[in-house]
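# A closer look at the structure
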Amino acid sequence: MKLKLFDSELKIMETLWKHGDCTAGQMAKMLKDEIGWNRNTTYTVIKKCIDKGAVVRLEPNFLCRAAVTRQEIQAEFFAAFLSGQDLSGKELDELKQMLISMEQEEG
């Protein structure tokens, strides 16, 4: 599985991992409250996640479900890191944030 998610797409995934299945409208409201995204931004990023296979769209009401787990995404980052692939500063920041999130969930 080679799934490259950008920071904005990880925001969608984090929302689904935290809250479970959500409609696009519910996610738009949560992300507006959390980070100030407008509805169109949220819908655009959801579509990118669907196109990449990270999110599955279900009916009714455009229900979104994470198609990959947090652990699968983390494993991708670690695999890239361990294989010696160059990670950008942004990717290293994302990896750091994932580790912090993991620590908070366990603690």
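See the structure above.
Scope of this entry: the structure provided in the associated data block. Bear in mind that the values here come from a model prediction, so they are computed numbers and not experimental data. (Residues numbered from 1 in each chain as written. Predicted model: local features only at pLDDT ≥ 70, side-chain atom pairs only at ≥ 80, totals over all residues. Heavy atoms only, no water.)

### Some points on unusual backbone geometry
Following Glu-59, the chain continues into Pro-60 via a peptide bond in cis, with omega recorded as 10°. Of note, Pro-60 is situated in the loop between β2 (55–58) and β3 (63–66). In the Ramachandran plot, Asn-61 falls in the positive-phi region, its phi being about 65° despite a non-glycine side chain. In this structure, Asn-61 sits in the loop between β2 and β3. Judged by relative accessible area, which is 57%, Asn-61 ranks as exposed. Look at Phe-62: it is not a glycine, yet its phi comes out positive at around 55°. Mapped onto the fold, Phe-62 is located in the loop between β2 and β3. (Helix = DSSP H or I, 4+ residues; strand = E, 2+ residues; numbered from the N terminus. Buried < 20%, exposed > 50% of the residue type's maximum accessible area, 1.4 Å probe, protein only.)

### A few points about the sheet that holds strand β1 (residues 22–23)
Within a beta sheet, neighbouring strands are joined by backbone hydrogen bonds and run either parallel or antiparallel to one another. Pairing within the open sheet is antiparallel, and its three strands lie in the order β1-β3-β2. Both edges of this open sheet fall to β1 and β2, since each of them pairs with a single strand only. With four bridges joining them, β2 and β3 adopt antiparallel strand pairing. Counterpart to Leu-58 in the pairing with β3 is Leu-63. Most of the contacts of helix α1 (residues 7–19) go to β3, to which it runs at about 90°, and overall it touches β1, β2 and β3. (Pairing = 2+ DSSP bridges. Contact = heavy atoms within 4.5 Å. Axes fitted to C-alpha atoms, helices over the stretch in contact; angles between N-to-C directions.)

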